[in-house]
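Residues per chain are reported as follows:
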Number of protein chains: 2
Amino acid sequence: MTSPQRARATMSDVAAASGVSPKTVSRVVNGVGYVSAETLEAVRTAIDQLGFRRNEFARQLRQGTTATIGLVLEDVADPFYSVLSRAVEDVALAQDYLLLSASSAEDPTRSRRIIESFSSRGAAGLIIAPATDTDSAFLRAELDAGCSMVFVDRPVPGIRADTVLADNRGGAAAGTQHLIARGHRRIAFFGDSASVYTATERLAGYRDALTTAGIEHDDRLVVMAPPHADATAALIDTVQKLDDPPTAIFAGNNRWSVVLLRYLKEHGPRPLPAFLGFDDFELSDVLDPGITVIAQDPAAMGQLAAELLLRRVSGDDRPTQHIQLETRLIARGSGEIAGPFNSS
Amino acid sequence: MTSPQRARATMSDVAAASGVSPKTVSRVVNGVGYVSAETLEAVRTAIDQLGFRRNEFARQLRQGTTATIGLVLEDVADPFYSVLSRAVEDVALAQDYLLLSASSAEDPTRSRRIIESFSSRGAAGLIIAPATDTDSAFLRAELDAGCSMVFVDRPVPGIRADTVLADNRGGAAAGTQHLIARGHRRIAFFGDSASVYTATERLAGYRDALTTAGIEHDDRLVVMAPPHADATAALIDTVQKLDDPPTAIFAGNNRWSVVLLRYLKEHGPRPLPAFLGFDDFELSDVLDPGITVIAQDPAAMGQLAAELLLRRVSGDDRPTQHIQLETRLIARGSGEIAGPFNSS
DNA sequence: GGTCCGTGAGACATCGATGTCAGGTAATTC
DNA sequence: GAATTACCTGACATCGATGTCTCACGGACC
């Protein structure tokens, strides 16, 4: 049994054990330069025996470059981000990059700390789903320092960098239109805080569709708040207990969908209002009725962002790219419940 | 506009800019030792101006130690693991550790590559949800090399290291017992491949309960297979179309739950069989009936593992610990559907 | 026979931050 | 008044891997 305190063997140790110079060990490990067959064999043996593993810090200090990219998102535990994260990871691993990732928890300070930490660990590039109020001057400094960045899900105003975003506004408009076409005039919209980019984009799409259809806006039907809080029940109640309550509900993200569906199951008016959610989620098809959604493709978003970033990191300096991913309406039943003005 | 190619400023650059030695800059950055107020001010200014960021590689090369831990799990995109992952991350961040994480995708080779990569990047410790067939000799070598490890969700046979596991067997027995108590005698069990530790543990729990109740085993009611495949429909069909079909279904994990619930919604016999799933999932309470589950606590698992690992990393060498987390049965309706032998 | 190239291997400096040691001055203590 | 302490700073070596340079040998070629 060896002591657990034993330090890891270095190239010098291997060199000493096999009677060659450290540089020769380096040649063996990296497979560059000339090494005779016997020497190769001797060094390999010593490596195995000593359990030598190259110290990545020393190597990267010398090389200045590192096969590492960082991913900063809001919360890995959110299915949208966890799927995105997995996609990024797969692309990175396939190209022998290591992925650092961390959750900003929507906290600009934590987010900044994470980015600093990644950057000082030599991340060649970052994929960022920026928290609201991210300090753009700070990011710009990083960019200037040579750290490539791709923003996903949300942009940062005033930063020139690649983005991979969903068509939030168009998707929300399409969803709202879908409800209007089925005879709904009073459609409630529950979105995240107005400070969140995707939330306001989706709200804008919702309004676009109402305007196009010539339907009057009613601000009392719009709730913009983070769906975590216990306060959501009160917010929903307020909307549902209007004299003229909504006949359809549009959930602006999947966390709101869950909260709203839970509410509807327990307190919902019968018959149920029509329901449509932005972003698909597991079991949306198993609920009864199935939940109609505007689906995004987080895996595609992650994959595209990672590929884009890795191209940047390896020197691609084409002009900044802005990729917009189409959303897809998946009708499953809840969004097809007819409203009072249904003509069909 | 500065050139994006510009290299990041080093301590020497800062030192030159502020007219002091690199060592003094180091003192300022780390806040150790004596530095006069003016010097401090001058150095701070230079740091801001040059956008200096300490090179973590150089630091850690010198220090030999790194505030980094690694997390290896099966798939971040799985809600169980993504919640666990987030919990680990929070503990790590709170103690100023960086978290490396990657998905093994149940592939021992990929898993090994990840561990090697983490280890050579100086991870002080690892939290591992081991893939089936993980090479234990390899892990033992890492352990001997001074890398602390905590295993979560599954152990590795023959490795002496801390583990944080759920009470899979007890939980499954309790669940099965719950169904038996409601009059079920023919209970189907759908679990992951028999090579997966948790799957066989849960199967054992299921069998324990049947044996205790004096119910004859029927192997035709047991399916052990990864729930990914399209083949699941055929597997379920086979069970459902027995002459004497099950009156209750036990899903061995949440992926099986989803697959089975989807099947039941479309092809399920009416009235529905009783249903019970291992591991809770979002919307389980919104489905109708609500899904009765044996809940695990992935956040607690992650938190405990991280805390344990960080204690180990900072020198705690108490004997190996094996933490077992209790599971909790949450009755929501689907598991309370009465069977033919219900006496109540 | 001399030049050149292919092959094989080591000495040494270097990447950037920091621990150690060796100063130096000013203030405090006996 | 001498000795000790607190305060402030820099020179230098070091962590481990690797790029550069140098050297040495043997065969090929004109």
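Parameters at a glance
Residues numbered from 1 in each chain as written. Chains lettered and ligands numbered in written order. Predicted model: local features only at pLDDT ≥ 70, side-chain atom pairs only at ≥ 80, totals over all residues. Helix = DSSP H or I, 4+ residues; strand = E, 2+ residues; numbered from the N terminus. Rg over C-alpha atoms; globule rule 2.2 N^0.38 Å. Buried ≥ 20, exposed ≤ 12 C-beta atoms within 10 Å, placed from the backbone. Contact = placed C-beta atoms within 7 Å. Near = placed C-beta within 6 Å. Nonpolar A, V, L, I, M, F, W, Y, C, P; charged D, E, K, R; others polar. Axes fitted to C-alpha atoms, helices over the stretch in contact; angles between N-to-C directions. Parallel < 35°, antiparallel > 145°, perpendicular 65-115°, else oblique.

1. Let's talk about the overall build of chain A
Working step 1: Within chain A one finds 12 helices and 12 strands.
Working step 2: Its C-alpha radius of gyration of 27 Å places chain A more than 25% over the 20 Å reference for a compact globule of 344 residues.
Working step 3: Within chain A, the proportion of its 344 residues that are buried is 46%.
Working step 4: When contacts within chain A are restricted to residue pairs at least 6 apart in sequence, those whose partners lie at least 24 apart make up 73%.

2. Regarding the protein's contact with DNA strand D
Working step 1: Lining the immediate surroundings of DNA strand D are 25 residues, of which Thr10(A), Met11(A), Asn55(A), Ala58(A) and Thr39(B) lie closest.
Working step 2: Tallied by class, residues from the surface near DNA strand D come to nine nonpolar, 10 polar and six charged.

3. Re unusual backbone geometry
Residue and element names in this part refer to chain A.
Working step 1: With an omega of -5 degrees, the peptide bond between Arg270 and Pro271 qualifies as cis.
Working step 2: Within the element layout of this structure, Pro271 appears in the loop between helix H11 (254–267) and strand S9 (274–278).
Working step 3: That bond from Asp288 to Pro289 is cis: its omega, 0 degrees, falls within 30 degrees of zero.
Working step 4: The phi dihedral of Glu106 falls on the positive side, at around 60 degrees, and the residue is not glycine.

4. Looking at the protein's contact with DNA strand C
Working step 1: The local shell around DNA strand C holds 26 residues, among which Ser21(A), Thr10(B), Met11(B), Asn55(B) and Ala58(B) are the closest.
Working step 2: For the surface near DNA strand C, the secondary structure elements donating two or more residues are helix H2 (22–30) and helix H4 (56–63) of chain A together with helix H1 (11–18), helix H2 (22–30) and helix H4 (56–63) of chain B.
Working step 3: Classifying every residue of the surface near DNA strand C by side-chain character gives 10 nonpolar, 10 polar and six charged.

5. Section: the packing of H2(A) against helix H3 (residues 37–50) of chain A
Residues and elements named next belong to chain A.
Working step 1: Running from N to C, H2 and H3 point in directions that differ by 90 degrees, and their axes come no closer than 10 Å. By the criterion of interaxial angle, the relationship of H2 to H3 is roughly perpendicular. Residue-level contacts link Thr24, Val25 and Val28 of H2 to Thr39, Leu40, Val43 and Arg44 of H3.
Working step 2: Among the residues forming the contact of H2 with H3, the class breakdown is four nonpolar, two polar and one charged.

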